[in-house]
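A look at the structure
As a plain string of letters, each chain reads:
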Amino acid sequence: MTAQNDERFAHSASLRARGTAQEGKVAFAELFFDLVFVLTIIQLSHTLAAHYSPLGLLEAGLLMLAVWWVWIYTTWATNWLDPDKTPVRLLLFVLMFLGLTLSIAIPTAFGEGGLLFALTYVAMQVGRSAFTAFAMRRDWPENSRNFARITAWTVFSAVFWLAGAFVEHEMRLALWLVALGVEYVSPALGFAVPGLGRSTVSDWQVSGEHMAERCALFVIICLGETILVTGRTVAGMELLDGFTIFMLAAAFVSTATMWWIYFRFGHGEAAHLIEHSATPGRIARMAFTYAHIPIVAGIILSAVAEEFALAHPHGHLDFRTASAIIGGPVVFLLGNILFKAAIRGRSPLSHLVGIGALLALSLVVPVVEPYQLFMAAGAVLFGVAVWEFLSLRSTRADDVAAV
């Protein structure tokens with residue numbers, strides 16, 4: 001960025017002032033916008049719990065990917081747009097209302113609510129991208145062209161979203177998978193559009209501090225859902241005995257451990273790396289846009305597992321409960337591996353061993369009860385957190401001693 005560009009941004013009606021202390025600040029309007037996604041995550045986890053099957057997992061996965069794409073694209077836009085400026089703030093309010101509608105449509109998205117879901121999703125994706133392209137047209141024409149390309153791709157995917165809303169279940173799922181595939185592959189293709197060219201990673205000059213904090217807040221929203229599931233499930237029980245309180249404590253420790261694994265090492269490093277990288281867009285795209293998908297999915301699946309384990313801690317351990325208890329932490333650790341590998345250049349050994357240990361737990365499924373498997377999975381997660389803490393603390397101590 002040149003000083004001349006920074007000066008233009010400072011007087012823009014919609015863009016953040018670059019090169020200032022406020023550049024990476026998360027605005028209150030963004031936090032307000034995130035409130036809708038509290039309901040969205042609740043709807044996703046409840047829908048998955050109610051329709052837990054291979055098909056239900058596929059449908060819930062599709063809806064989660066769509067929700068994440070709406071949220072992360074908005075985060076990229078507000079990395080440059082200033083939410084404290086009136087036009088941008090109004091945009092967030094409109095997106096917030098549409099997000100509320102999107103959340104309401106989630107449980108019936110593959111039924112009578114399909115058209116409402118598709119229309120709302122398309123309106124959010126196309127409307128936000130078009131607004132951003134328009135807002136940047138004078139002060140940042142290069143990035144305006146980027147968002148014009150994005151708008152073209154979202155219009156293209158909209159054809160499949162809307163077509164899917166008018167057909168029956170199997171065809172709807174197929175068309176929506178195509179629509180989602182179009183949107184997810186477009187960044188790798190540079191949003192190439194005939195006549196508009198294509199984007200490159202060098203075009204995406206982002207604030208690492210803002211991107212890291214926004215994604216961290218979304219992870220907290222997801223972790224908050226596990227707390228809500230735990231509290232709601234236990235509060236609905238007729239008897240609060242010592243065993244129930246013990247299970248409540250175990251569920252809370254499991255959630256706190258996921259918080260520790262994500263936030264203790266990685267979050268701050270990612271922000272620092274992006275701020276000092278020659279190609280911040282490339283790192284932000286891998287570390288935040290893509291690597292956070294399994295992190296979010298793992299937390300949602302873990303929330304479902306907590307609901308299953310707390311509601312029916314004893315008796316036969318069926319496939320859905322076992323797969324949720326083991327699968328949630330596995331997917332979560334996989335996402336953390338991708339996230340930390342993107343910023344450190346290597347995969348944490350503790351996480352790899354943790355995934356192996358969790359998968360090994362499948363061998364004892366026939367001989368244990370739900371609460372026992374839940375406790376064992378939580379113990380593995382806790383072990384991963386302790387291992388990483390001790391190994392990285394030792395490594396940093398050695399670095400300091402060397403200096």
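Here, every reference points to the structure presented above.
What comes next concerns the included structure. Since this is a predicted model, take the numbers as computed values, not measurements.

1. Re a nonpolar patch on the surface
Taken together, the side chains of Phe-32, Leu-35, Val-38, Leu-90, Phe-93 and Leu-228 make up a nonpolar region of the molecular surface, amounting to roughly 520 Å² of accessible area. Where the nonpolar patch is concerned, the elements lending two or more residues are helix 2 (28-50) and helix 4 (86-105). Tallying contributions element by element places helix 2 first for the nonpolar patch, with 3 residues. The residue Phe-93 is located in helix 4 in this model.

2. Here we look at helix 6 (residues 141-164)
The terminal C-alpha atoms of helix 6, which comprises 24 residues, lie 35 Å apart, in line with the 34 Å expected from a rise of 1.5 Å per residue. Of all the bends in helix 6, the greatest measures close to 25 degrees and is centred on Ser-157.

3. Looking at helix 13 (residues 319-344)
Over its 26 residues, helix 13 extends 36 Å from the first C-alpha to the last, a length consistent with the 38 Å expected when each residue adds 1.5 Å. A bend of about 30 degrees at Gly-327 is the largest found in helix 13, and the proline Pro-329 appears one to four places after it. Once helix 13 finishes, Gly-345 follows within two positions and takes phi at roughly 85 degrees, a positive value.

4. Here we look at the packing of helix 6 against helix 7 (residues 169-185)
For the pair helix 6 and helix 7, the least separation of the axes is 8 Å and the interaxial angle reads 170 degrees. It follows that helix 6 is roughly antiparallel to helix 7 by the angle criterion. When helix 6 is examined against helix 7, the residues Trp-153, Phe-156, Ser-157, Phe-160, Trp-161, Ala-163 and Gly-164 are found in contact with a partner set consisting of Arg-172, Leu-175, Trp-176, Val-178, Ala-179, Leu-180, Val-182 and Glu-183. Within the contact of helix 6 with helix 7, the residues separate by chemical class into 11 nonpolar, 2 polar and 2 charged.

5. Description of the side chain of Thr-255
Tracing the backbone shows Thr-255 in helix 9 (residues 242-263). Relative accessible area serves as the criterion here: at 5%, Thr-255 is assigned to the buried category.

6. A word on unusual backbone geometry
Non-glycine residue Phe-191 carries a positive phi angle of around 50 degrees. The residue Phe-191 is located in the loop between helix 7 and helix 8 (208-235) in this model.

7. Brief notes about the packing of helix 3 (residues 54-80) against helix 7
Helix 7 packs onto helix 3 with a crossing angle of 35 degrees between their chain directions and a minimal axis gap of 11 Å. Pair helix 3 / helix 7 crosses with left-handed handedness. For the pair helix 3 and helix 7, contact is made by Leu-55, Leu-58, Glu-59, Leu-62, Leu-65, Ala-66, Trp-68, Trp-69 and Tyr-73 and by His-169, Leu-173, Trp-176, Leu-177, Leu-180, Glu-183 and Tyr-184, respectively. Residue composition of the contact of helix 3 with helix 7, by class: 13 nonpolar, 1 polar and 2 charged.

8. Overview of the pattern of salt bridges
Applying the stated criterion to the full structure yields 7 salt bridges. Here Asp-34 and Arg-214 are joined by a salt bridge, their closest N and O atoms 2.6 Å apart. Taken together, the positions of Asp-34 in helix 2 and Arg-214 in helix 8 put the pair 180 residues apart, joining distant regions of the chain. Between Arg-344 and Glu-388 there is a salt bridge, with the nearest N and O atoms lying 3.7 Å from each other. Of the two residues, Arg-344 is situated in helix 13 and Glu-388 in helix 15 (residues 370-402); the sequence distance between them amounts to 44 residues. Residue Glu-388 is classed as buried on the basis of its relative accessible area, which comes to 2%. When salt bridges with common partners are traced through the structure, they connect Glu-30, Asp-34 and Arg-214 into a single cluster.

9. Describing the environment of Ile-227
Residue position: Ile-227 is located in helix 8. A relative accessible area of 38% places Ile-227 in the partly exposed class. For the pair Ile-227 and Leu-58, spaced 169 residues apart in sequence, the C-alpha to C-alpha distance is 24 Å. Setting aside anything within four residues of it in sequence, one finds Ile-227 in contact with Phe-252 and Thr-255.

10. Description of the state of the cysteines
A full pass over the atoms with the stated rule returns 0 disulfides. Here Cys-215 is not disulfide-linked; the sulfur of Cys-222 is the nearest cysteine sulfur, at 11 Å. Its relative accessible area of 0% is what places Cys-215 among the buried residues. Taking the relative accessible area as the measure of exposure, Cys-222 reaches 1% and is therefore buried.

Rules used throughout
- Residues numbered from 1 in each chain as written.
- Predicted model: local features only at pLDDT ≥ 70, side-chain atom pairs only at ≥ 80, totals over all residues.
- Heavy atoms only, no water.
- Patch = residues over 30% accessible without salt bridge, like charges linked within 9 Å, V, L, I, M, F, W, Y side chains within 5 Å.
- Areas by Shrake-Rupley, 256 points an atom, 1.4 Å probe, with all protein chains shown as cover.
- Salt bridge = Lys/Arg side-chain N within 4 Å of Asp/Glu carboxyl O.
- Helix = DSSP H or I, 4+ residues; strand = E, 2+ residues; numbered from the N terminus.
- Expected span 1.5 Å × (residues − 1).
- Bend = angle between axes of the 7 residues up to and from the residue.
- Axes fitted to C-alpha atoms, helices over the stretch in contact; angles between N-to-C directions.
- Parallel < 35°, antiparallel > 145°, perpendicular 65-115°, else oblique.
- Contact = heavy atoms within 4.5 Å.
- Nonpolar A, V, L, I, M, F, W, Y, C, P; charged D, E, K, R; others polar.
- Buried < 20%, exposed > 50% of the residue type's maximum accessible area, 1.4 Å probe, protein only.
- Left-handed = near helix turned anticlockwise from the far one by under 90°.
- Disulfide = S-S within 2.5 Å.

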